[in-house]
Amino acid sequence: MTRRSCAIYVTGIVCAHLLILGIALLVAQVFQTMIHSRLKKEMTLTENSRVLESWINPPPPVYMQYYFFNVTNPDVVIAGGKPSVTQIGPYTYREYRPRENVSFVENGTKIFALNPKSFVFLRNMSVGDPETDLLTTVYIPVVAVMNELNSYSFILRTMVSMWMKSQGLSLFMTRTVHEILWGFKDPLMSKLHSLKPEVDPYFGLMYKKNGTHEGEFVFHTGEQNYLDYGKIDTWNGLRQMSWWSSNQSNMINGTDGSVFHPLLSRDELLYIFAADLCRSIHLGYVKDEVVKGIPAFRFAPPADVLESPDKNPANEGFCVPAGDCLGKGVLKVSVCREGAPIVVSFPHFYQAEAKYINAIEGMNPNKEEHETYLDLNPTTGLPIRACKRAQLNIILKRVSGFPQTKNLNGTIFPIMYVNETATIDDESAAQMRTLLLIVTLVSNFPLIIVGMGAILLLVLICLVCRSRQRKTGKDDTAYTQVSDKPDDSSENRTSQPMKNGSYIAMSPVEAQKC
């Protein structure tokens, strides 16, 4: 056997083995199953997990931006006219949210943690100084007291109204941004404090929320089931709330939004429990994104999250009392705001009914600036970029006994909205890209084997073709007998019969005849 033949045989054998092995591994999905099993094991909140430290101390910087609606015509509003507002902001704060008092419970299958949040003002990312910038907005304590007294006697309401007037308290107030956000000693709340010591004399939209937490959380570690990774088991000892009018609405579903299970699908709905919204919300797949070279699925709340109950019966449970429902795009949360007529929505009433948008001059909803979304890497389930946006509103309606409200018609009045954002930092992004590269190479290793087999198959075809060409070239050579005798005359050649001695292509040639 020649060297060329040996090369052909060896190449053929190796090629066949590579193709068979690669296709078998590809069909059986051995490496993909192996890497998925590894991910499910690593993406847990267990004691020796690689993701536990980043879960306790999240590396990406979180920014909280506050936008306020400055009322430009308060007197017109009190007289029954259309409110006009201008947006001011952002006032940006760096948000720090390390988890504290972390401990494992129930044999390490669950983890307890507090999540205090603290805020540091960033002047270079803000439009002004919150301690000097003035803002005219709804006097929420006054409106809340009026609403609370609505069920009391008319005489009491009249007396309170007269006292408010003597103190110069109106439906609107002008204070600094810092006071409205972080708190000030309010004369009305101070008066109530003197009557009821449990009432705090201070008021602020974020009063007592700097350095405090939203409650005690117990999370699933995901060790027993990777789909439960990061899901909330209890909040303040509760597995279900009691504010709403249906069991489904009271359910505490999903995670806190910081982590999700690995191996996400475009077809699934993700659930987040938002303590500040007093409910769980779901997010659906929107589109594919790429953030800092990392592939991601974008999930966002669909329109049915705040849809009216007549179009989405599941939202009927958020009507308290039962049947007292608002329209699309707004949610009344008085039940978890000590009875204050507070309503939440997306900024500028994005995805809400046109009547709410048209009732306020200065509303300009758009998807780019006002949509809440999460960009999640589908392999690990980790957030690559997040943007949470929510608006705080208050209902201004007529309350008998308070002359200031006689021209009000139940307008949902915007106060402010928040834009909480986070994007993976460069160092974490580089680590993520390396991890995803390894996962891709390992998962596609059978394809690499099949590719090598295909290359060897091409080499084999070339070797076989070249071998056949050489063999054909040798077989086509003609051999002719050469005589060592001198040539005879033409007569002799014609008179003597030619002997059979000429060969062409190794076959006898017939003798020539005259």
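This is a predicted model, so every value here is computed, not measured.

**Student:** Requested: an account of the sheet that holds strand E10 (residues 216-220), with residues and values cited.
**Tutor:** One open sheet holds the 4 strands; their spatial order is E3-E4-E10-E11, and the pairing between them is antiparallel. Of all strands in the sheet, those bounded by a partner on one side alone are strand E3 (100-105) and strand E11 (232-235). Across the sheet, the mean angle from the axis of one strand to that of its neighbour is 20°, orientation sign disregarded. Of the pairings in the sheet, the one linking E10 to E11 comprises 3 bridges and is antiparallel in character. Paired with Phe219 across the two strands is Ile232, which belongs to E11.

**Student:** Describe unusual backbone geometry, and please don't skip the residues or the numbers.
**Tutor:** Cis rather than trans, the peptide bond between Gly89 and Pro90 has omega equal to 10°. Structurally, Pro90 is set in strand E2 (residues 85-96). Cis geometry is found at the peptide bond from Val320 to Pro321, where omega equals -10°. Residue position: Pro321 is located in the loop between strand E14 (294-300) and strand E15 (330-332). At Leu263, a position not held by glycine, the phi torsion is positive, near 60°.

**Student:** Which residues make up the packing of aromatic side chains, and what values go with them?
**Tutor:** In this description, a pair of aromatic rings is defined by centroid distance and the angle of the planes. For the coordinates displayed, the defined rule picks out 20 aromatic pairs. A ring pair is formed by Tyr66 and Tyr93, whose centres lie 5.7 Å apart and whose planes are at 80°; its orientation type is edge-to-face. Of this pair, Tyr66 sits in strand E1 (residues 62-71) while Tyr93 sits in strand E2, and the two are 27 residues apart along the sequence. Take Tyr66 and Tyr93: they sit in the same class, and that class is buried. Pairing Tyr93 with Trp182 gives two aromatic rings, centres 5.5 Å apart and planes at 70°, and the pair type is edge-to-face. Separated by 89 residues along the polypeptide, Tyr93 in strand E2 and Trp182 in helix H7 (residues 177-182) bring together distant segments of the chain. The burial state of Tyr93 is the same as that of Trp182; both residues are buried. Clustering of aromatic rings is evident, with ring pairs tying together Tyr66, Tyr93, Phe119, Phe121 and Trp182. If you follow Arg279 out to its NZ or CZ, it ends over the ring of Phe318, 4.0 Å from the centre. Here the guanidinium or amino end of Arg298 rests over the ring plane of Tyr373, the centre of that ring lying 3.8 Å away.

**Student:** Can you break down the pattern of salt bridges residue by residue, with the values?
**Tutor:** The full count for this structure, using the stated rule, is 23 salt bridges. Overlapping salt bridges bring together Lys287, Glu289, Arg298, Asp375 and Arg385 as one network.

**Student:** Requested: an account of the state of the cysteines, with residues and values cited.
**Tutor:** Counted under the stated rule, the structure contains 2 disulfides. Across a sulfur-sulfur distance of 1.8 Å, Cys278 and Cys336 are joined as a disulfide pair. What sets the handedness of the Cys278 and Cys336 disulfide is the S-S torsion sign, and at about 85° it is right-handed. One end of the pair, Cys278, is in the loop between strand E12 (270-274) and strand E13 (279-291); the other, Cys336, is in the loop between E15 and strand E16 (342-345), and 58 residues separate them in sequence.

**Student:** Tell me what's going on with the side chain of Thr136, and back it up with residues and numbers.
**Tutor:** Positionally, Thr136 belongs in strand E6 (residues 134-138). We classify Thr136 as buried; its relative accessible area is 15%. Those residues in contact with Thr136 that lie beyond four places of it in its chain are Phe69, Asn70, Val71, Pro74, Met173 and Thr174.

**Student:** Residues and numbers for empty space enclosed by the protein, please.
**Tutor:** According to the stated counting rule, one finds 2 cavities of 30 Å³ or more in the structure shown. Within this model, the largest cavity holds a volume of roughly 140 Å³. What lines the largest cavity is a set of 16 residues, among which Asn315, Phe318, Leu326, Val330 and Leu331 lie closest to the centre. When residues of the lining of the largest cavity are assigned to their parent elements, the largest contribution, 3 residues, is made by E15. Looking at the lining of the largest cavity residue by residue, the classes come out as 9 nonpolar, 3 polar and 4 charged. One number sums up the size of the second largest cavity: a volume of about 60 Å³. Lining the second largest cavity we find Val143, Met146, Asn147, Leu171, Ile395, Leu396, Lys397, Val399, Thr405 and Leu408. At the level of secondary structure, the elements contributing two or more residues to the lining of the second largest cavity comprise helix H5 (140-148) and strand E18 (383-396). Per-element accounting of the lining of the second largest cavity gives the leading share, 3 residues, to H5.

About the criteria used
- Residues numbered from 1 in each chain as written.
- Predicted model: local features only at pLDDT ≥ 70, side-chain atom pairs only at ≥ 80, totals over all residues.
- Heavy atoms only, no water.
- Pairing = 2+ DSSP bridges.
- Helix = DSSP H or I, 4+ residues; strand = E, 2+ residues; numbered from the N terminus.
- Axes fitted to C-alpha atoms, helices over the stretch in contact; angles between N-to-C directions.
- Phe/Tyr/Trp six-rings, centres within 6.5 Å; stacked < 30°, edge-to-face > 60°.
- Buried < 20%, exposed > 50% of the residue type's maximum accessible area, 1.4 Å probe, protein only.
- Lys NZ or Arg CZ within 6 Å of the ring centre and 35° of its normal.
- Salt bridge = Lys/Arg side-chain N within 4 Å of Asp/Glu carboxyl O.
- Disulfide = S-S within 2.5 Å.
- Contact = heavy atoms within 4.5 Å.
- 1 Å grid on protein atoms, 1.4 Å probe; cavity = no way out; pocket = protein on both sides within 12 Å on 5 of 7 lines; lining within 4 Å.
- Points joined across faces, edges and corners; volume = space filled by probe spheres on them.
- Nonpolar A, V, L, I, M, F, W, Y, C, P; charged D, E, K, R; others polar.

In short, geometric facts, not functional conclusions.
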